[in-house]
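# A look at the structure
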Amino acid sequence: MKISRRGFIQTAASLAVASLSPVTALAAPPRQKLLRASSVEQALRPGARLTNFWGFNGGVPGPVLRFRKGETVRLLLQNALAVDTAVHWHGIRVQNAMDGVPFVTQNPVRSGEQFAYEFVVPDSGTFWYHPHQSSFEQVPRGLYGALIVEEDRPIEVDREWVWVLSDVRVGDDGRQVEDFGRILDFANDGRLGNQVLLNGKAAGSGHSFEVRSGERIRLRLINAAAARIFQLELPGHEMKVIAFDGQAVEPHVVESLTLGPGMRVDLVLDCMQSPGSRHLLNDVNRRSAGPIAEIAYRNVRAVRQKPSSAPIRLAPNVLREPDLASATEHYIMFQGGMRGAPAIGIVDGKPAKTHELMEEHGLAWTMNFTARHEHALMHEPFLNLHVGEHVVLKMINETDFVHPMHLHGHFFRVIAVDGKQLPLQPWRDTVLMGPRQTVDVAFVADNPGEWMFHCHILDHAAGGMMGTIQVG
Ligand code: C2O
Ligand code: CU
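Let us look at the structure shown here. (Residues numbered from 1 in each chain as written. Chains lettered and ligands numbered in written order. Predicted model: local features only at pLDDT ≥ 70, side-chain atom pairs only at ≥ 80, totals over all residues. Heavy atoms only, no water.)

### Details of the overall build of the protein chain
- Scanning the protein chain for helices and strands turns up 6 helices and 34 strands.
- Its C-alpha radius of gyration of 23 Å places the protein chain within 12% of the 23 Å reference for a compact globule of 472 residues.
- The buried share of the protein chain, reckoned over its 472 residues, is 58%.
- Counting contacts in the protein chain only where the partners sit at least 6 residues apart, residues at least 24 apart contribute 75% of the total.
- Approximately 19600 Å² of the protein chain is accessible, and the part contributed by carbon and sulfur atoms is 52%.
- When the 47 positive and 50 negative side-chain charges of the protein chain are each reduced to one mean point, those points stand 8 Å apart. (Helix = DSSP H or I, 4+ residues; strand = E, 2+ residues; numbered from the N terminus. Rg over C-alpha atoms; globule rule 2.2 N^0.38 Å. Buried < 20%, exposed > 50% of the residue type's maximum accessible area, 1.4 Å probe, protein only. Contact = heavy atoms within 4.5 Å. Areas by Shrake-Rupley, 256 points an atom, 1.4 Å probe, with all protein chains shown as cover. Lys, Arg positive; Asp, Glu negative; His and termini not counted. Charge placed at Lys NZ, Arg CZ, Asp CG, Glu CD.)

Given below as structure tokens:
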């Protein structure tokens, strides 16, 4: 239904008289969007054989969901898969019941059933969505997409690109290799694909993006891979970071950009190379090195000779500033994995050694000496905080592995690494913790509920590196 403003006021007025509830009558109805999870067949390159995925709304990645800051959104998930699922809105500070975590905030959505999510998007920024059910399998099968919340006053750019990075493991026949859930992947670096994907297509030098010399581009990067850590470089261009995980930072140039699973970065690129030239964005991570995409300058006149002088600092979201002087400190110890010191952990109430964890329980990691299965998470938080508590989490990584640690429902400031204060203590929802590193983060626990805290290498999470933090 479309009604004119006058018509709306009249309708609202008559409703107000009828129901004596002008507030409800005047509130704008939330915009509903449909997300249908189903099998998808998609070619990784033009003309290539079809690869089998699971995807939202018939594609991989799913649709880019775009909202305005502060609006109420309604997302109807329809499960047309053969298995249970649920959708989590990574980085959105939703109310707990809408967080999409099966066995914690909702029941799994069964095959053929649906679930309506409704929440306010309080922060502008670059976010994403993905299932939180068997995510080590459902995410790499293709269930993920970008969720963008626009600023009230966006920065001025000529163009915006949303790049969802991921990977897939395919055989010679183009079909996915369906070897999910192997304990060897859980206990090592996680399951890597053999083909990097950019927006669902094969990444590489053949994946070309056209620009005009002089153009300013806002690039929203999302790492939706289950386990791959990207380290990106773009020679000949300044990568100006303006946001981490959707939250504004003081704009600064980086030579190299590390993006762990779950993480996002917003960049401003001033494309100042000459018309007709071509440049590669490379992943230089030693485990996966290769080009991701090509920036191809059109052979036409430059749109400007000097980079645009328009400001690129984003207006920050309102987040409660933790008071370090009064904050309570909590330690979180991480142990386990195939290499390094062995761990002993409690599983289902009984102690187990590393090999028992692996062989008898299919687990490989402990947090505070406990390893949990996804279905055993319900209401067994490993940390209890009260609402409004100022908190410093001191994370101690005793493993020989990198872990991108993610907290739901909140953002934290990354304040120190190995005891050294960081100059730029950025807000993040996911932080990379290097082997044997300690990382301190601080936040105000102001969102009540039971919130997931887990490694975003999804095989690690499934291997025990997940738990919940109860707020209130
Ligand atoms: Cu991106 Cu717990 O999730
Ligand atoms: Cu991990």
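From this point, the discussion proceeds with the structure in view.
### Overview of the environment of Asp179
- Turning to its location among the elements, Asp179 is positioned in the loop between β9 (159-168) and α4 (183-187).
- If we skip the residues at most four places from it in the chain, Asp179 touches Arg169, Asp185 and Arg191.
- In terms of polar contacts, Asp179 uses its side chain to reach the side chain of Arg191, at 2.9 Å. (Polar contact = N/O pair within 3.5 Å; in protein donor to acceptor, adjacent residues only side chain to side chain.)

### Here we look at the coordination of the copper ion (ligand 2)
- Looking at the copper ion (ligand 2), the protein donor atoms are His403 (ND1), Cys455 (SG) and His460 (ND1), and they sit 2.0 to 2.1 Å from it.
- Site description for the copper ion (ligand 2): donor spacing in sequence, H-x51-C-x4-H. A residue pair is termed long-range when its members are at least 10 positions apart, and His403 in strand β27 (residues 403-407) and His460 in helix α6 (residues 458-462) qualify at 57 residues. The exposure classification of His403 matches that of His460, with both residues buried. (Donors = N, O, S within 2.8 Å, 3.2 Å for Na, K, Ca; no water.)

### Regarding the side chain of His330
- Tracing the backbone through its elements, the reader meets His330 in strand β21 (residues 328-336).
- His330 sits in the buried class, given a relative accessible area of 16%.
- A distance of 3.1 Å separates a polar atom in the side chain of His330 from a polar atom in the side chain of Thr328.
- Reaching out from His330, the side chain makes a polar contact with the side chain of Glu389 at a distance of 3.4 Å.
- If we ignore the near neighbours within four places in the chain, the residues touching His330 are Leu383, Leu385, Glu389, Val391, Val392, Leu393 and Lys394.

### As for the environment of Val157
- Relative to the assigned elements, Val157 resides in the loop between β8 (145-150) and β9.
- Once the C-alpha coordinates of Val157 and Ile312 are considered, the two residues, 155 residues apart in sequence, prove to be 8.8 Å apart.
- In this structure Val157 touches Arg216, Ile217 and Arg218, once residues within four positions along its chain are discounted.

### Some details on the packing of aromatic side chains
- Counted under the stated rule, the structure contains 12 aromatic pairs.
- Plain terms: the ring middles of Trp89 and Phe119 are 5.5 Å apart, the flat faces sit at 45° to each other, and that makes the pair tilted. In this pair, Trp89 is assigned in strand β5 (residues 87-90) and Phe119 in strand β6 (residues 114-120), connecting sequence segments 30 residues apart. The burial state of Trp89 is the same as that of Phe119; both residues are buried.
- Ring plane angle 40° and centroid distance 4.5 Å describe the contact between Trp163 and Phe209, whose orientation is recorded as tilted. With a gap of 46 residues between them, Trp163 in strand β9 and Phe209 in strand β12 (residues 208-211) connect regions that are remote in the sequence.
- Residue Trp163 is classed as buried on the basis of its relative accessible area, which comes to 1%.
- According to the relative accessible area criterion, Phe209 is buried, its value standing at 14%.
- Through successive ring pairs, a cluster of aromatic residues spans Phe56, Trp89, Phe115, Tyr117, Phe119 and Tyr129.
- The cationic tip of Arg141 hangs over the ring face of Trp54; the distance from NZ or CZ to the ring centre is 4.4 Å. (Phe/Tyr/Trp six-rings, centres within 6.5 Å; stacked < 30°, edge-to-face > 60°. Lys NZ or Arg CZ within 6 Å of the ring centre and 35° of its normal.)

### Regarding the sheet that holds strand β1 (residues 31-43)
- Taken in spatial order, the 4 strands of this open sheet run β2-β1-β4-β6, and their pairing is mixed. Looking along the sheet, the strands with just one partner apiece sit at the ends: β2 (50-56) and β6. Ignoring strand direction, the axes of neighbouring strands in this sheet form an average angle of 25°.
- The pairing of strand β4 (residues 72-79) with β6 spans 7 bridges and is antiparallel. Within β6, the residue paired with Leu76 across the bridge is Ala116. (Pairing = 2+ DSSP bridges. Axes fitted to C-alpha atoms, helices over the stretch in contact; angles between N-to-C directions.)

### Remarks on the nonpolar core
- Within the largest apolar cluster, 33 residues are counted, with the highest numbers of intra-cluster contacts made by Phe334, Leu393, Met395, Met405 and Phe453.
- Looking at this core element by element, the count peaks at 4 residues for strand β32 (residues 438-445).
- Not counting residues up to four positions away in its chain, the partners in contact with Phe334 are Thr366, Met367, Met395, Ile396, Asn397, Glu398, Thr399, Met405, Met433, Phe453 and Met465.
- Ranked by size, the runner-up nonpolar core spans 32 residues in total, among them Ala203, Leu269, Ala293 and Ile295. (Core = buried A, V, L, I, M, F, W, Y, C linked by side-chain atoms within 4.5 Å.)

### Considerations on the pairing of strand β13 (residues 216-223)
- Burial of β13 is extensive: 8 of the 8 residues sit out of reach of the surface.
- Of the two faces of β13, both are covered, the one formed by Arg216, Arg218, Arg220 and Ile222 as well as the one formed by Ile217, Leu219, Leu221 and Asn223.
- With 7 bridges joining them, β9 and β13 adopt parallel strand pairing. Pairing of Arg159 across the sheet is with Ile217, part of β13.

### Structural notes on the pairing of β1
- In this structure, β1 lies alongside β4, joined through 7 bridges in parallel fashion. Bridge pairing links Leu35 to Leu77 in β4.
- From the end of β1 to the start of β2, which pair antiparallel, there are 6 residues, and Gly47 there has a positive phi angle of about 85°.

### Describing helix α5 (residues 354-361)
- Those residues of α5 that fall on the buried side of the exposure criterion are Thr354, Leu357 and Met358. End-on view of α5: buried residues confined to an arc of 90°, all on one side of the axis. What points out from α5, more than 90 degrees from its buried face, is the exposed set Glu359 and Glu360.
- Summarising the contacts, the buried residues of α5 are in contact with α4, β22 (344-347), β23 (350-353) and β24 (365-367).
- Positive backbone phi, at 65°, marks Gly362, one or two positions downstream of α5. (Arc of directions from axis to C-beta.)

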